[in-house]
Amino acid sequence: MDERYSRQTLFPGIGKDGQAKINQKHVLIIGAGALGSGSAEVLTRAGVGRITIVDRDYVEASNLQRQQLYTEEDVAAKLPKAVAAEKRLRAINSNVEIRGIIGDANPELLEELAVGVDLIMDATDNFETRMVLNDISQKYKIPWIYGACVGSFGMSFSIIPGKTPCLNCLLRTIPLQGMTCDTGGIISPAVQMVIAHQTAEALKMLVEDWEAVRTTFVSFDLWRNQYSSLKMSKAKFAGCLSCGEEQTYPYLDEENRMKTTVLCGRDTVQIRPSNQGEVSLESLADQLRSLGYQVKGNPYLLSVEMGEERMVVFQDGRALIHGTKDLTHAKSIYQRILG
Ligand SMILES: [Zn+2]
């Protein structure tokens, strides 16, 4: 055992005491895709006591380029990622108690899984789940580490309840929407860089070196050689319903979750968002134009051309996606624009 973690305990930031703490901790990883595989592997090798990893998907050939836990055998067997990940992680370190959960990370499941957890790692590919995870973190006072990447771009931020702004606060200052790997293509080094940021913060938190935890929002583009680190101390919003003075945890309420329906007899999907806040159509139009979209509108709605489809957004955040009957596809279009 001593030999196994010797290089890590020699590192002054961890030491023997830190290692003992790491061995006692329970980490919940939401998602076993690219970020989830990488985080799980780093934390398993580091000797975290318990790791629970949740995923709703199965392994496909297109995953192998960047999802480091999986093999061609897993693809052939169409193994659920949670199952393939659990098997591989156990082979890496049999001292760690690994539990793979096949399931959708909805409020109900996350409330159940959060019991006794010391830290949550964000490795999901969608915004809806991150908002749920953000509320779970606030409600049960569990820190979590946001991470996202697309193309050659990635970002990360550590959220500590009672200390830092939460993701819901951050949305007021940074347009985080549209960060899904499915739509824009991705290179593996961008994934690895986010994993490095997320797991470095995780190790600091697991050894309880709170002083060392990064307080800035880090983002980078490995292809364009850009790196930025933004101060976030002023982003905390007192009126935030997730972390502010009156917490209602809006994203844990099933009623508030995004509802998607195909409109009867039309090639159109309607999406009602999970958060009922008003959308500023003017600033959304500006933002979309700067991203190169063709936008038309009036004070009540905005029409956005998106190739095969066209999306119409209303002030209350409701949207119609014309040109499709595919709910998942429509949802991804919606999330690309509105998160
Ligand atoms: Zn907040």
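This one's a predicted model, so the numbers in the text were calculated from it and none came from an experiment. (Residues numbered from 1 in each chain as written. Predicted model: local features only at pLDDT ≥ 70, side-chain atom pairs only at ≥ 80, totals over all residues. Heavy atoms only, no water.)

(A) Here's a closer look at the coordination of the zinc ion. Donor atoms from the polypeptide that bind the zinc ion are Cys166 (SG), Cys169 (SG), Cys240 (SG) and Cys243 (SG), placed at 2.2 to 2.3 Å. Around the zinc ion sit four donor atoms, and with donor-metal-donor angles ranging over 96 to 124 degrees the site reads as tetrahedral. Sequence positions of the residues that donate to the zinc ion give the spacing C-x2-C-x70-C-x2-C. A residue pair is termed long-range when its members are at least 10 positions apart, and Cys166 in the loop between β6 (153-159) and α8 (167-170) and Cys243 in the loop between β8 (226-230) and β9 (259-262) qualify at 77 residues. (Donors = N, O, S within 2.8 Å, 3.2 Å for Na, K, Ca; no water. Tetrahedral: all angles 85-135°; square planar, octahedral: opposite > 155°, others 65-115°. Helix = DSSP H or I, 4+ residues; strand = E, 2+ residues; numbered from the N terminus.)

(B) Molecular detail of the sheet that holds strand β2 (residues 50-55). Spatially, the eight strands line up as an open sheet ordered β3-β2-β1-β4-β5-β6-β7-β8, and their pairing is mixed. The open sheet has two edge strands with one neighbour each: β3 (97-102) and β8. Within the sheet, the average angular offset between the axes of one strand and its neighbour, ignoring direction, is 15 degrees. Relative to strand β4 (residues 119-122), strand β1 (residues 26-30) runs parallel, the two sharing four bridges. Its bridge partner being in β4, Ile29 is matched across the sheet by Met121. (Pairing = 2+ DSSP bridges. Axes fitted to C-alpha atoms, helices over the stretch in contact; angles between N-to-C directions.)

(C) Inspection of the packing of aromatic side chains at higher detail. Across all of its chains, the model carries three aromatic pairs by this definition. Seen from their ring centres, Phe157 and Phe217 are 6.0 Å apart, and the 35 degrees between their planes marks the pair as tilted. Placement of Phe157 in strand β6 and of Phe217 in strand β7 (residues 217-221) is noted, with a sequence separation of 60 residues between them. Phe217 carries the same exposure label as Phe157, and that label is buried. The positively charged end of Arg172 is found above the aromatic ring belonging to Phe237, 3.5 Å away from the centroid. (Phe/Tyr/Trp six-rings, centres within 6.5 Å; stacked < 30°, edge-to-face > 60°. Buried < 20%, exposed > 50% of the residue type's maximum accessible area, 1.4 Å probe, protein only. Lys NZ or Arg CZ within 6 Å of the ring centre and 35° of its normal.)

(D) Region of interest: the nonpolar core. Membership of the largest hydrophobic core comes to 40 residues, with the highest contact counts inside it found for Val27, Ile29, Leu43, Leu119 and Met121. Contributions of two or more residues to this core are made by β1, α3 (34-46), β2, α5 (81-92), β4, β5 (144-150) and α10 (188-206). If you tally residues by element for this core, the top one is α10, at seven residues. Apart from the residues within four sequence positions on either side, Met121 is in contact with Val27, Leu28, Ile29, Ile30, Ser39, Leu43, Ile145, Gln198, Thr199 and Ala202. Ile101, Val132, Met155 and Ile159 belong to the second largest nonpolar core, which has 37 residues in total. (Core = buried A, V, L, I, M, F, W, Y, C linked by side-chain atoms within 4.5 Å. Contact = heavy atoms within 4.5 Å.)

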